[in-house]
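# Analysis of the macromolecular model
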Amino acid sequence: MEQSESTVNNSLVFAVNGKRFEVSTIHPSTTLLEFLRSHTPFKGAKLSCGEGGCGACVVLLSKYNPVLDQVDDFTVSSCLTLLCSINGCSITTTEGLGNTKDGFHPIHERFSGFHASQCGFCTPGMCMSLFSALVNAEKTLRPEPPLGFSKLKVSEAETAIAGNLCRCTGYRPIADACKSFAANVDMEDLGFNSFWRKGDSKEVKLSSLPLYNHSDEICTFPQFLKNETRSTLLLDSSRYSWYNPVTIEELRSLLGFVEDGNGTRVKVVVGNTGMGYYKEVENYDKYIDLRYIPELSVIRRDNTGISIGAAVTISKAIEALKECNQGGFHTEEDMVYKKIADHMEKVASGFIRNSASLGGNLVMAQRNHFPSDIATVLLAVGSTVNIITGLKSEELTLEEFLRRPELDSKSILISIKIPDWYRIMGISSGTKMNLLFETYRAAPRPLGNALPYLNAALMAKVSRCTTSNGIIVSNCRFAFGAYGTKHPMRATKVEEFLTGKVLSVGVLCEAVKLLKGSVVPDDGTSSPAYRSSLAVSFLFEFFSHLLEANAESPDGCMNGYSTLLSPAKQLDDGKIPTLLSPAKQGVELNRQYHPVGDPIAKSGAAIQASGEAVYVDDIPSPTNCLHGAFIYSTKPFAQVKGIKLRPKSVGDGVSALISFKDIPGENIGAKNRFGTEPLFADDFTRCAGQYIAFVVADTQKHADMAANLAVVDYDMENLEPPILSVEEAVRKSSFFEVPSILKPKQVGDFSKGMAEADHKILSAEIKLGSQYYFYMETQTALAVPDEDNCIVVYSSIQCPEYAHGAIARCLGIPEHNVRVITRRVGGGFGGKAIRAMPVATACALAAYKLHRPVRIYMNRKTDMIIAGGRHPMKVTYSVGFKSDGKITALHLDILINAGIAVDVSPVMPQHMLGALKNYDWGALSFDIKLCKTNHSSKSAMRAPGEAQATFISEAVIEHVASTLSVDVDSVRSKNLHTFNSLIFFFEGSAGEPFEYTLPSIWDKLAKSSSFKERTEKIKQFNMCNKWRKRGISRVPIVHEVSLRPTPGKVSILSDGSVAVEVGGIELGQGLWTKVKQMAAFALSSIRCDGMGDFLEKVRVIQSDTLSLIQGGLTAGSTTSESTCEAIRLCCNMLVERLIPIKEKLQEEMGSVKWGTLILQAQSQAVNLSASSYYVPDFSSMRYLNYGAAVSEVEVNLLTGETTILQSDIIYDCGQSLNPAVDLGQIEGAFVQGIGFFMLEEYTTNSDGLVVTKGTWTYKIPTIDTIPKRFNVEIMNSGQHKKRVLSSKASGEPPLLLAVSVHCATRAAIREARQQLLRWTGLNKSDSTFQLEVPATMPVVKKLCGLENVENYLQSLLS
């Protein structure tokens, strides 16, 4: 690879951020992301999922059309885009927008100022998605926007990042940063930021925003690339094994050559996005790019319909379908095309649709049985396809195409034709007939980027019956797909039955019965009954408005085309806005300890946005660096007899295979105070996902492929069966011991409490599943051998000190020979603590053995399989209570699945009890067992144990209210702690009476959220709406946290600048920011002249385990405050040393400047470095956090979809060290909690091997699944003398408040079930039900009634 100004014919030439790159040879499987990260200085684009499902790798790709002299700019997923496909193109990454030296782009500055970056790993991709939207908005013919704004609309600003995932922020501040560029934004609607203060005028706000001037915008396609003179843009096929046929004949000849080849693996590509779903196990030898064949890239429209070339991207197809109404054809038919386009916009995300081809999607559906939306929709509208096989060309209906045997490598799809149904059916504006067409999909994310449980497209001709007032149905075409069959199907029996029928309730009932028999998922499909019920729901939704509004319009035609065309919109009144509504962030600023308490932007946010922040995988590879990948077990308990690598793998750069036999010291991969965990399985593997060996190769791709293709020889004969459930663990007495110091105490007398009860619930059961961390940066490490038997390891870890010890023991060397360095972590949430250690240790072992640097960046699939995640558990409870709802006693039997190794599981009982005691239960007794099973080791995840305990508490409260048939909010209020009961339950951590702020929060939130008024409105709404029900819930939290000993070091350098070292790790939680503020505050107390903005003088430097020891574990929400206190102690020491010098100088000079003082101190040999080790006072190390939330949801009874309409939070942060950082922690934790309670399914197979192993199957919250209105108030609760500058924790407690969403969903379901009872005519039975976690769409729909449509229709008939 070389960069030069000369032009070499047939070389791969392109630009990155305006620089010319010319690549002479490269393997055709190389992706753009691989090239950017390994051959350029631009590391802003990140690898996170490798599937095109997260947006971390998004870049702008620009293509020049010399005929039209215009540039096409669009985002692509660089992890899927093949480098050879960008010949002659220009790439812009976030570094190309701006940087530290040349100045940041307003996007970077606004992301920073709106507090829209926490760990920062997703931020570059977010910035590029927004930048693309800005660039393309400027090309529109919209009016010129006001100064500082773009032509972007608010709706476009939000949807620009719809495909980008973020695990930290909760999205609201990201949306605000994006919307700040929109011409139609109301400045009052933009959230809390560092640019202006509450009450500032619009003019002040405008002048405060970093100026955006679209006329200064970056040139995305450099002139030199336009000027390149070359006969063709096509690559030299022989050099790159990349073929660009320009005619069908050339393509035929290439395919014929392939057929005659000798085992040559050939891949036909357009956008290569299919690789995100169907992973490449091995490299292909040759690639054929179809984009240069005119017949495959053309779009034609005539009066018979629209024809789209198979290589046309989905985005271009959408544009073409939406532009149809400009051609002067029937507007009605154009609405059909528009609905197809609207549905296509829910396929994948924008940066995938921009490169994925329409034909590629259909071929995947035909050949690989991909659950395609496009195939279903195009099947319903009777599309045809043109394919070539050898010399034969044929036109088939899409139905014939999908049903025929899978396409072989010689067959190519040429084009797709969507017919003009108005012409076919003879419908015109004057006729008394109309065409109904609607598409549907039920998926976890409304805006797309999620595969559907079922998709459908329904079309029918309807006309007024001449003999009655009814409506006759004819020409039906009903297609259903993605429900577990090989391809989408037509419901032909239903179509035939309805044809010629006058629509009635009875007719629809019969159609529904036929449909249920037609839409039957194949065996093994998840939620089969739910998927079948969706088909019924969609058919009902399609026809329902004709049943309910069977009237003629004045002109004798049917009741208005638009009404008929949109049946979905007719069900019930009111439409949920797709956009986020304006939200309030209430923050009380405290200037007492300035700059502590100021809402300053997170330290490093701007360089995170610009891609300059260095994460472990951004560190340039040292010379001779190797790359590693783990081979893991797929069996829960087996003897490992051997591991074989494919012979080809060894040829593909594999250097070594390292196992437990290669360990010079102890077989230790991780250690903590509870014990150790082996790095590799020895002769036996004891869980699916356990590391067996480490493959080392010349590139990460080769290492991953070798590991993936490795064959492990297992023997399971004569072995005990594995323990794969907590029940089995109990039977076999397989438990981990909890140290007595960590065993929580029972509270009160359970027997006495039960004796006092008027009512009892006995032995009710709850089961809770796991949750995956989904940090954006997967596990990663780099180990570099050093002189004298030493090793330096760069690790993305929350506890470098622990890794340090594990590495030393594994290598059998003293700890002073090991150095572990951590600068920042791209998201942790507990998953980068114990689980990160084996990754660092394996790299260190390989580097030590091979005497070469070794690094790993774990692929997402492996990461998900080995991560362990949140602890699953089974809970049985018995509760006694009075008739007024006051609970007198609660007993819990809790079986926690800890997995195979102890990890930090012994802290779980204590953590759970800290959250379970959030109500006054009268008496609380429990039996908690840590079950040792043959599952992967479970580890701490944000609010470990507390998240589950909060759900248990609320499930008990809901059960009590349901049993008594009373309002659940009154039961919650009745059982809130008094200060006396708080002392009884929490003993030493309750604090002073004035610190117990929950009662005031509870009442204040009721008022600020209009809780009572909204409750009444919801009752009215539910009475008026059959198919949508709303629920509202208010929940409290009491969350106990504990401070830990923490080191710190502050050094003042000769120029007066300050370097700070801390034990805590920056994970995105703003630790460095708070530390900088604390250092500036503490050192400013010396009061020198001209100190100015002292924050600018302070830098926090990376963690180094030899420089600062006893760093401990960054977890538990309190590391920031402990670290701040350690730094304050250091600064106080330094101030103490400097004051005598300052006083003496003052006598001599009058005023003393900071720089002068430091020079004088140096000349007097004063030690300007101070270290401390903050050890919290035992009496005050534990304390309680308080908060409450109100959430309102709306449940769609036809699909089970839950929309969070509004969440209001009040949270007591004490006196916040940085309200902006704490606000981000509150919102981010809450949204992560929504993921746990509502969305995220982390499932395993019967062997305990994780099966949800990527973005396709694991769905974290996105911008379209967070609360539409998200109000947060940080309560400043005054002086807490025993706290660090009166501050309190914010990282984990707010996650628990997301249970309010789950409880609100339960309330909405309760309404649906009562309605169902009325429809079925059954007497009211026990209204108690358990709503599972997560409350996914199938779970919610099942509780609302899988046959609710049938029940409703039957009720009408009876």
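Residues numbered from 1 in each chain as written. Predicted model: local features only at pLDDT ≥ 70, side-chain atom pairs only at ≥ 80, totals over all residues. Heavy atoms only, no water.

Moving on, we come to the overall build of the chain. The helix and strand tally for the chain stands at 43 helices and 44 strands. Relative to a compact globule of 1358 residues, whose C-alpha radius of gyration would be 34 Å, the chain shows 32 Å and is just as compact. Over its C-alpha atoms, taken along the principal directions, the chain stretches across nearly 100 × 85 × 80 Å. Put simply, the chain has 1358 residues, and 63% of those count as buried. Long-range pairs, those at least 24 residues apart, make up 78% of the contacts in the chain with a sequence separation of at least 6. Approximately 48500 Å² of the chain is accessible, and the part contributed by carbon and sulfur atoms is 51%. Within the chain, the 142 negative side-chain charges are centred at a point lying 2 Å from the centre of the 139 positive side-chain charges. (Helix = DSSP H or I, 4+ residues; strand = E, 2+ residues; numbered from the N terminus. Rg over C-alpha atoms; globule rule 2.2 N^0.38 Å. Buried < 20%, exposed > 50% of the residue type's maximum accessible area, 1.4 Å probe, protein only. Contact = heavy atoms within 4.5 Å. Areas by Shrake-Rupley, 256 points an atom, 1.4 Å probe, with all protein chains shown as cover. Lys, Arg positive; Asp, Glu negative; His and termini not counted. Charge placed at Lys NZ, Arg CZ, Asp CG, Glu CD.)

Within soluble globular proteins, side chains that are nonpolar tend to cluster in buried spots. Counting residues in each nonpolar core, the largest one holds 353 residues, and the members touching the most others are Phe111, Ile340, Phe478, Phe480, Phe543 and Phe694. Looking at this core, the element that brings in the most residues is helix H39 (residues 1219-1239), giving 11 residues. One finds Met1091, Val1100, Ile1141 and Ala1170 within the second-largest nonpolar core, a separate group that totals 42 residues. (Core = buried A, V, L, I, M, F, W, Y, C linked by side-chain atoms within 4.5 Å.)

Taken as a whole and judged by the stated rule, the model has 0 disulfides. No disulfide involves Cys127; its sulfur sits 8.2 Å from that of Cys178, the nearest cysteine. A relative accessible area of 0% means that Cys127 is categorised as buried. (Disulfide = S-S within 2.5 Å.)

Of all the 9 residues making up helix H42 (residues 1337-1345), 8 are buried; the element is thus mostly covered by neighbouring parts of the structure. When H42 is considered as a whole, its buried residues turn out to be Met1337, Pro1338, Val1339, Val1340, Lys1341, Leu1343, Cys1344 and Gly1345.

To continue, consider the pattern of salt bridges. Pairing is possible between side chains that carry opposite charge, provided their charged atoms lie close to one another. Taken as a whole and assessed by the stated rule, the structure comprises 67 salt bridges. Salt-bridge contacts for Arg490 lead to Glu495; the nearest nitrogen and oxygen are separated by 2.7 Å. Accessibility assignment for this pair places Arg490 and Glu495 in one class, buried. Here the salt bridges share partners, and the residues they tie into one network are Glu954, Glu958, Arg972, Arg1306 and Arg1310. (Salt bridge = Lys/Arg side-chain N within 4 Å of Asp/Glu carboxyl O.)

Moving on, we come to the packing of aromatic side chains. Under the defined criterion, the tally for this structure stands at 43 aromatic pairs. When the ring of Tyr772 is compared with that of Tyr773, the centres are 6.4 Å apart and the planes differ by 65°; the resulting orientation is edge-to-face. For the pair shown, Tyr772 and Tyr773 are each scored as buried. (Phe/Tyr/Trp six-rings, centres within 6.5 Å; stacked < 30°, edge-to-face > 60°.)

We now examine the sheet that holds strand E3 (residues 58-65). Strand order across the open sheet formed by 5 strands is E2-E1-E5-E3-E4, with mixed pairing between neighbours. Where the open sheet ends on each side, the last strands, each with one partner, are strand E2 (19-23) and strand E4 (70-77). Taken pair by pair, the neighbouring strands of this sheet meet at an average axis angle of 30°, ignoring direction. Direction of pairing for strand E1 (residues 12-16) relative to E2: antiparallel, over a ladder of 5 bridges. When the sheet's bridge partners are listed, Phe14 is paired in E2 with Phe21. Helix H3 (residues 123-138) contacts E3, E4 and strand E5 (90-92) of the sheet and is inclined by roughly 30° relative to E3. (Pairing = 2+ DSSP bridges. Axes fitted to C-alpha atoms, helices over the stretch in contact; angles between N-to-C directions.)

Here we take up the packing of helix H36 (residues 1071-1084) against helix H37 (residues 1119-1149). Relative orientation of the contacting elements H36 and H37 amounts to 25°, with a least axis distance of 9 Å. In terms of orientation, H36 lies roughly parallel with respect to H37. Between H36 and H37 lies a crossing whose hand is right-handed. Note on element contacts: H37 touches H36 through Thr1119, Ser1120, Thr1123, Cys1124, Ile1127, Arg1128, Cys1131, Asn1132, Leu1134 and Val1135, opposite Leu1071, Lys1074, Val1075, Met1078, Ala1079, Phe1081, Ala1082 and Leu1083. (Parallel < 35°, antiparallel > 145°, perpendicular 65-115°, else oblique. Left-handed = near helix turned anticlockwise from the far one by under 90°.)

Moving on, we come to the packing of helix H30 (residues 908-916) against helix H31 (residues 946-964). At a minimum axis separation of 8 Å, H30 and H31 run at an interaxial angle of 40°. With respect to H31, the element H30 is oriented oblique. Seen from above, H30 lies across H31 with right-handed handedness. When H30 is examined against H31, the residues Met908, His911, Met912, Ala915 and Leu916 are found in contact with a partner set consisting of Glu946, Gln948, Ala949, Thr950, Ile952 and Ser953. Its residues assigned to classes, the contact of H30 with H31 shows 6 nonpolar, 4 polar and 1 charged. (Nonpolar A, V, L, I, M, F, W, Y, C, P; charged D, E, K, R; others polar.)

Within the fold, Thr313 resides in the loop between strand E10 (305-309) and helix H11 (314-323). Exposure remark for Thr313: the relative accessible area of 16% places this residue in the buried category. Within the structure, Thr313 has its side chain in polar contact with the backbone nitrogen of Lys316 (distance 3.1 Å). Those residues within four positions of Thr313 in sequence are excluded, and the remaining contacts are Arg353, Asn354, Ser355, Ala356, Ser357 and Leu358. (Polar contact = N/O pair within 3.5 Å; in protein donor to acceptor, adjacent residues only side chain to side chain.)

Turning our eyes to something else, we now look at the sheet that holds strand E18 (residues 585-587). Strand order in the open sheet formed by 5 strands is E18-E44-E43-E42-E36, with mixed pairing between adjacent strands. For this open sheet the edge positions go to E18 and strand E36 (1028-1042), each flanked by a neighbour on one side alone. Averaged over all neighbouring strand pairs, the angle between strand axes comes to 10°, with direction disregarded. Strands in contact with helix H35 (residues 1011-1024) are E36, strand E42 (1182-1196) and strand E43 (1202-1212); relative to E36, the strand with the most contacts, it is inclined by about 145°. Sheet contacts for helix H41 (residues 1299-1320): E36, E42 and E43; angle to E36, the most-contacted strand, approximately 150°.

In terms of strand pairing, strand E20 (residues 638-644) meets strand E24 (residues 684-685) through 2 bridges, oriented antiparallel. Within the sheet, the bridge partner assigned to Gln639 lies in E24 and is Phe684. Here 5 bridges tie E20 to strand E26 (residues 711-715), and the two strands are oriented antiparallel to one another. Each bridged residue has a counterpart across the sheet, and for Gln639 the counterpart in E26 is Asp715.

With that settled, the discussion passes to H3. In this model H3 runs 23 Å from its N-terminal to its C-terminal C-alpha over 16 residues, within 8% of the 22 Å that 1.5 Å per residue would give. Most of H3 sits inside the fold, with 15 of its 16 residues counted as buried. (Expected span 1.5 Å × (residues − 1).)

Our next topic: the confidence of the model for the chain. A residue-level look at the chain finds 95% of positions with pLDDT of 70 or above and a mean pLDDT of 93. Note on residues 551-570: pLDDT is under 50 here. Beyond four places in sequence and across chains, it has 47 contacts. (pLDDT = per-residue confidence, 0-100.)

Looking now at unusual backbone geometry. Residues His594 and Pro595 are joined by a peptide bond in cis, for which omega reads 5°. Mapped onto the elements, Pro595 comes out in the loop between E18 and helix H22 (605-609). For the bond from Val1333 to Pro1334, the omega torsion is 0°, close enough to zero to count as cis. For Pro1334, the position within the fold is in the loop between H41 and H42. At Ser527, a residue that is not glycine, the phi angle is positive and equals roughly 45°.

Among the structural elements, Val596 can be located in the loop between E18 and H22. Excluding residues within four positions of it along the chain, Val596 makes contact with Asn590, Gln1077, Met1078, Phe1081, Leu1217 and Leu1285.

Locating Leu534 in the fold gives a position in helix H20 (residues 528-548). Measuring from C-alpha to C-alpha, the distance between Leu534 and Val695 comes to 46 Å, with 161 residues separating the pair along the chain. Those residues in contact with Leu534, other than ones at most four positions away along the chain, are Ala442, Tyr453, Leu454, Leu1198 and Thr1199.

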